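# Structural characterization, general
What follows is the residue order along each chain.
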Amino acid sequence: SATGTADLPVVLAPPVAWVLVVGGLAALAAAVYAPQSVPPITWLLLLVFGTPEMLWWVLVAAVLAHVGEGLAAAAMATARGRSRRVVLGWWLQVSVLGFPAFMQLIAQEP
């Protein structure tokens, strides 16, 4: 509700999720835009994905997935009657962390 009477707080994801997801996205972005700055990571990602162009597409897909998950989380929190502050919190956390944070929202009581 607008007054927050139906609010349950945003459950912060564990620190390990923040480190792994944000670190992984940062490493992927570095491998795409400054590959010489992270040679071992760039080498590993190229081994897995093949070409620099494919790394770029993986980064784009990851960013779009996180944006989409964030929007879906905001819609879900809104539908559950959460306040704007709580909706914003879920949107922000899920936009950054993606799936791990979204699962916490899904598991929360409606």
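To keep things clear, this report deals only with the structure shown in the data block. None of the values given here were measured: they were computed from a predicted structure.

Glancing now at the overall build of the protein chain. Scanning the protein chain from terminus to terminus reveals five helices and zero strands. Secondary structure elements of the protein chain occur, N-terminal to C-terminal, as α-α-α-α-α. Relative to the globule expectation of 13 Å for 110 residues, the C-alpha radius of gyration of the protein chain, 17 Å, shows a markedly less compact shape. Referenced to the eigenvectors of the C-alpha coordinate spread, the extents of the protein chain come out at roughly 50 × 25 × 20 Å. The buried share of the protein chain, reckoned over its 110 residues, is 33%. Accessible area of the protein chain: about 6600 Å², with a carbon and sulfur share of 78%. When the 4 positive and 4 negative side-chain charges of the protein chain are each reduced to one mean point, those points stand 14 Å apart.

Turning our attention to the environment of Ile106. Along the chain, Ile106 falls in helix 5 (residues 99–107). On the basis of relative accessible area, Ile106 is assigned to the partly exposed category, the value being 37%. Ile106 sits 32 residues away from Ala74 along the chain, and the two C-alpha atoms are 12 Å apart. Ile106 has contacts with Met76 and Arg80, leaving out every residue within four places of it along the chain.

Among the surface-exposed residues, Tyr33, Trp43, Leu44, Leu47, Val48, Phe49, Met54, Trp56 and Trp57 lie close enough to one another that they form a single nonpolar patch of about 1000 Å² accessible area. Secondary structure elements with two or more residues in the nonpolar patch: helix 2 (39–49) and helix 3 (52–79). With five residues, the top contributor of residues to the nonpolar patch is helix 2. Residue placement: Trp43 occurs in helix 2. With relative accessibility at 56%, the residue Trp43 sits in the exposed group.

Reading the values: the criteria
Residues numbered from 1 in each chain as written. Predicted model: local features only at pLDDT ≥ 70, side-chain atom pairs only at ≥ 80, totals over all residues. Heavy atoms only, no water. Helix = DSSP H or I, 4+ residues; strand = E, 2+ residues; numbered from the N terminus. Rg over C-alpha atoms; globule rule 2.2 N^0.38 Å. Buried < 20%, exposed > 50% of the residue type's maximum accessible area, 1.4 Å probe, protein only. Areas by Shrake-Rupley, 256 points an atom, 1.4 Å probe, with all protein chains shown as cover. Lys, Arg positive; Asp, Glu negative; His and termini not counted. Charge placed at Lys NZ, Arg CZ, Asp CG, Glu CD. Contact = heavy atoms within 4.5 Å. Patch = residues over 30% accessible without salt bridge, like charges linked within 9 Å, V, L, I, M, F, W, Y side chains within 5 Å. Salt bridge = Lys/Arg side-chain N within 4 Å of Asp/Glu carboxyl O.

Note that every value here comes from positions in space, so none of it alone points to a role or purpose.
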